2 protein chains.
Amino acid sequence: MARKQRRGLSELLRVPGGERVDLGGYDARATTGGPKDKKAALAVTAAMGEHLAQLQERLWAASTAGDRRRVLLVLQGMDTSGKGGTVKHVIGHFNPSGCRIKAFKAPTPEERRHDFLCRVRRELPHAGEMGIFDRSHYEDVLIARVRELAPPAELDRRYEEINHFEESLAADGVTLIKCFLHISYDEQRRRLLERLDRPDKHWKFNPGDIDERELWPAYQEAYEVALHRCATERAPWYVVPADRKWYRNWAVSRLLLEHLRALDPRYPKADFDVAQCRERLLKGA
Amino acid sequence: MARKQRRGLSELLRVPGGERVDLGGYDARATTGGPKDKKAALAVTAAMGEHLAQLQERLWAASTAGDRRRVLLVLQGMDTSGKGGTVKHVIGHFNPSGCRIKAFKAPTPEERRHDFLCRVRRELPHAGEMGIFDRSHYEDVLIARVRELAPPAELDRRYEEINHFEESLAADGVTLIKCFLHISYDEQRRRLLERLDRPDKHWKFNPGDIDERELWPAYQEAYEVALHRCATERAPWYVVPADRKWYRNWAVSRLLLEHLRALDPRYPKADFDVAQCRERLLKGA
């Protein structure tokens, strides 16, 4: 029973493999499986922080004894969906030393000369680390599809290449948690307007964001295809309702907690003579 | 008056330039300029967290408009002095997205083939970032001196090279905050014994730590020379009493706060037509 509850949210938010995805059927204001309101969510999320940090320490400790496992959280979503806020609030729970965070921007000319996965491989978490991608290789099948930066056959190839890539990561000890932060069209308007209303938020605003917004339906469709084609057994996609920030932060924290608990990393046993070391310390040294 | 108070701790802990350093004269249990006890320190440090995060956001925001400034916190100290704990507790205040943290280990054979500063240059913070070095290029004049990994003339050259390097960083907009976390010989014994007493800390223990401890006087002397030769106007050293963890965390937070306040980063002004963007959003898009 307790076990079932612990695995709960992953099952609730997971995109079913092999089925077409209709994002219109997902409520961005939903609070699936979550606390009853904002106040409760803030308390529960804060309380999860300590567990997350403990599990992260164990994951890191295990890596010092050869455990190759690590976690990679992939955050995708429309502008203002809260990718940056999630890193700040959720990843803020962890010891920053063990986190490898990468925000992917538009590829540089140099990056464009290589395969699209090349720059992603360089940023993967090492053994024992928590990797966090704010945007990822999925941009190469999202904006690339919407803006027609690649022909359809090339996009087709990319979905397959992504699946092979993620399968090989999973085989190499990477626990992939891919979250689509799902906001509604209206909520995006509210958030963009808020950025305009506050001079201390202007730096986050780019008039180009409005041009992208005009392509909303095309982006939703591009996400639907990517979720459909790349939701695999070992690299699942989760649709996280993200209109309510408190739910989003709770949900991503909870997904991380469930996965870290399932990994159950252990502190390694001492590979030296503890009693002898104690004696040396107490004597002279 | 308020201004003077704000700059206070930097002045109190700063190693005076040009003078020989005698670490025997620095009390590792001191609470120089700090709160009166642990309870007060925890409260004050937590309260600083929000200010630090706000200043970090402003530094980052300013970088999006071309401000090249960034901060580099260098942490040095004997084993168990709390370099890792400082990253966890102090850097945990910040948005992890804007932090670039690097723990330097013994150089790899490949790294050894290059100048000792080469691997350091690769890990420098970018504009707007908070860089944190857990150990640094100073290892190349510390362990290198104690273990005689380099001849005296080469060490001499390195102090000079470090000063040139740090001067060039400062000229390029890097605010350097170099902290020597100063613990006592007895406190190190206590902390090593604690690691032995707790199976969940064994992974942090290495019998080699006891061998290093036997070289304590040589390390203290190596630090004294490094602090003496590399405490410059633009790249000062701070001796942070570190036997009390609550003071250490408070002090490093405070040093960061003072330096970030002095930088006084500003949110950039909008370089687009705010009213027009608002209209576009409210109309159709």
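You'll find the structure just up there.
Student: So what's going on with helix H13 (residues 274-282) of chain B? Residues and values would help.
Tutor: Within H13(B) the residues assigned to the buried category are Val274(B), Cys277(B) and Leu281(B). Summarising the axial view, the buried residues of H13(B) lie within an arc of 65 degrees, below the 170-degree limit, and thus occupy one face. Turning to H13(B), the residues buried within the fold contact helix H9 (185-197) and helix H10 (208-213) of chain A. The backbone nitrogen of Ala275(B) lies 3.2 Å from a side-chain oxygen of the residue at the head of H13(B), namely Asp273(B).

Student: Explain the environment of Val15(A) to me, and be specific about the residues and the numbers.
Tutor: Take Val15(A): it is sitting in the loop between helix H2 (8-13) and helix H3 (38-63). Residues in contact with Val15(A), not counting those within four places in the same chain, are Val21(A), Leu227(A), Ala231(A), Trp237(A) and Val239(A).

Student: Can you lay out a positive patch on the surface for me, pointing to particular residues and giving the numbers?
Tutor: All names here are of chain A. Side chains of Lys-38, Lys-88, Lys-204 and Lys-245 sit close together on the surface and give a patch of like positive charge. On the secondary structure map, Lys-204 appears in the loop between H9 and H10. The class of Lys-204 is partly exposed, set by a relative accessible area of 32%.

Student: Lay out unusual backbone geometry with the relevant residues and their values.
Tutor: All names here are of chain A. We note that Thr-80 has phi near 70 degrees; this positive angle belongs to a residue other than glycine. Relative to the helices and strands, Thr-80 is located in the loop between strand S1 (70-77) and helix H4 (83-90). The class of Thr-80 is buried, set by a relative accessible area of 8%.

Student: So what's going on with the relation of the copies chain A and chain B? Which residues, and what values?
Tutor: Note on the identical chains: chain A maps onto chain B by a rotation of 180 degrees and an axial translation of 0.0 Å, with an RMSD of 0.0 Å. The relationship between the two copies is best expressed as a two-fold rotation axis. Residue by residue, 100% of the interface of chain A is reproduced at the interface of chain B, so both copies engage with the same surface.

Student: Mind laying out the interface of chain A and chain B, listing which residues take part and the relevant values?
Tutor: Facing 40 residues of chain A, the contacting portion of chain B comprises 40 residues. In this assembly, chain A packs against chain B so that about 3900 Å² is buried in total across both faces, 67% of it on carbon and sulfur atoms. Connecting chain A to chain B are six salt bridges. In this assembly, chain A and chain B are joined by eight residue pairs in polar contact (both at pLDDT 80 or more). Those elements giving two or more residues to the side of chain A that touches chain B turn out to be H3, H4, H9, H10 and helix H13 (274-282) of chain A.

Quick notes on the rules
- Residues numbered from 1 in each chain as written.
- Chains lettered and ligands numbered in written order.
- Predicted model: local features only at pLDDT ≥ 70, side-chain atom pairs only at ≥ 80, totals over all residues.
- Heavy atoms only, no water.
- Buried < 20%, exposed > 50% of the residue type's maximum accessible area, 1.4 Å probe, protein only.
- Helix = DSSP H or I, 4+ residues; strand = E, 2+ residues; numbered from the N terminus.
- Arc of directions from axis to C-beta.
- Contact = heavy atoms within 4.5 Å.
- Polar contact = N/O pair within 3.5 Å; in protein donor to acceptor, adjacent residues only side chain to side chain.
- Patch = residues over 30% accessible without salt bridge, like charges linked within 9 Å, V, L, I, M, F, W, Y side chains within 5 Å.
- Areas by Shrake-Rupley, 256 points an atom, 1.4 Å probe, with all protein chains shown as cover.
- Salt bridge = Lys/Arg side-chain N within 4 Å of Asp/Glu carboxyl O.
- Lys, Arg positive; Asp, Glu negative; His and termini not counted.
- Charge placed at Lys NZ, Arg CZ, Asp CG, Glu CD.
- Least-squares fit on C-alpha atoms with pLDDT ≥ 70 in both.
- Buried area = accessible area lost by both parts, 1.4 Å probe.

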